[in-house]
Amino acid sequence: MDAQDLGARCAEILNICLYANIATCGDDQPWNTPATAIPDSHLDIYWSSWIEAVHSKNILANPRAFITYYDSTRPRGTNNLRCLYLRCEAAVVQDHDEARAAHELLYPGEKIQLDNFFDSGLRRFYRARPLQAWLNCLSEQQVQPDTIDMRREVSLQDIRAAY
């Protein structure tokens, strides 16, 4: 696959998979949580969550996050070039216009009281901005003694162009 094909495969994964695993770290303790996480046209990934959730607190302490998307219903060993890995920087959404855009991505057509996501509200919108992306290129059964890496880096520009 060339770079454009890899970007298109990543865009396909983002279009198909609504759920992501969002890994964060706080106080040197890793944490991983599943969430509905939807990217916008720039590949900024949005989700909403309770402010007391472990990952929410971790993001306040440490903006580094790692997000994966994959189809968990595929048979084992058939996910080659079907798992997207994203190294990101995450933050709480503090801008009301950005929160409205996040709401439209996550809750299309639903009315929402945006104030519930600010100040004394119990939930927030979060954004993860990808810094680097990879696709898996081998299954564990395909690893050979000369294997160097099971992932292939994909340009964020190629993913954006295809998304």
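Residues numbered from 1 in each chain as written. Predicted model: local features only at pLDDT ≥ 70, side-chain atom pairs only at ≥ 80, totals over all residues. Heavy atoms only, no water.

*Asks:* Help me out: how do you make sense of the pairing of strand S6 (residues 83-92) in this one?
*Replies:* A regular strand places its side chains so that they alternate between the two faces of the sheet. Note that strand S5 (residues 64-70) and S6 share 7 bridges and pair antiparallel. Bridge assignment links Ile 67 to a residue of S6, and that residue is Leu 86. Of the strand pairs in this sheet, S6 and strand S7 (residues 123-136) are connected by 9 bridges, and their pairing is antiparallel. Bridge pairing in S7 links Cys 88 to Pro 130. (Pairing = 2+ DSSP bridges. Helix = DSSP H or I, 4+ residues; strand = E, 2+ residues; numbered from the N terminus.)

*Asks:* How do you make sense of the nonpolar core when you look at a structure like this?
*Replies:* Most often, soluble globular proteins have nonpolar side chains that are buried together. Trp 47, Ile 67, Tyr 69 and Leu 84 are the most contacted members of the largest nonpolar core, which totals 29 residues. Those elements that provide at least two residues to this core are helix H1 (3-16), strand S1 (19-26), strand S4 (45-50), S5, S6, S7 and helix H4 (156-162). Here the element with the most residues in this core is S6; it accounts for 5 residues. With near-sequence residues (within four places) excluded, Ile 67 lies in contact with Ala 20, Asn 21, Ile 22, Ile 45, Trp 47, Leu 84, Tyr 85, Leu 86, Cys 88 and Ala 128. Core analysis: the next-biggest nonpolar cluster, separate from the first, contains 11 residues, Val 93, Ala 99, Leu 106 and Phe 117 among them. (Core = buried A, V, L, I, M, F, W, Y, C linked by side-chain atoms within 4.5 Å. Buried < 20%, exposed > 50% of the residue type's maximum accessible area, 1.4 Å probe, protein only. Contact = heavy atoms within 4.5 Å.)

*Asks:* Please clarify how helix H2 (residues 54-61) should be interpreted in this entry.
*Replies:* Structural remark: α-helix, 3.6 residues per turn; residues separated by three or four positions point the same way. Of all the positions in H2, only His 55, Ser 56, Asn 58 and Ile 59 are classed as buried. Seen from one end, H2 has its buried residues packed into an arc of 160°, which puts them on one side. Set apart from the buried face of H2 by more than 90 degrees, the exposed residues are Leu 60 and Ala 61. (Arc of directions from axis to C-beta.)

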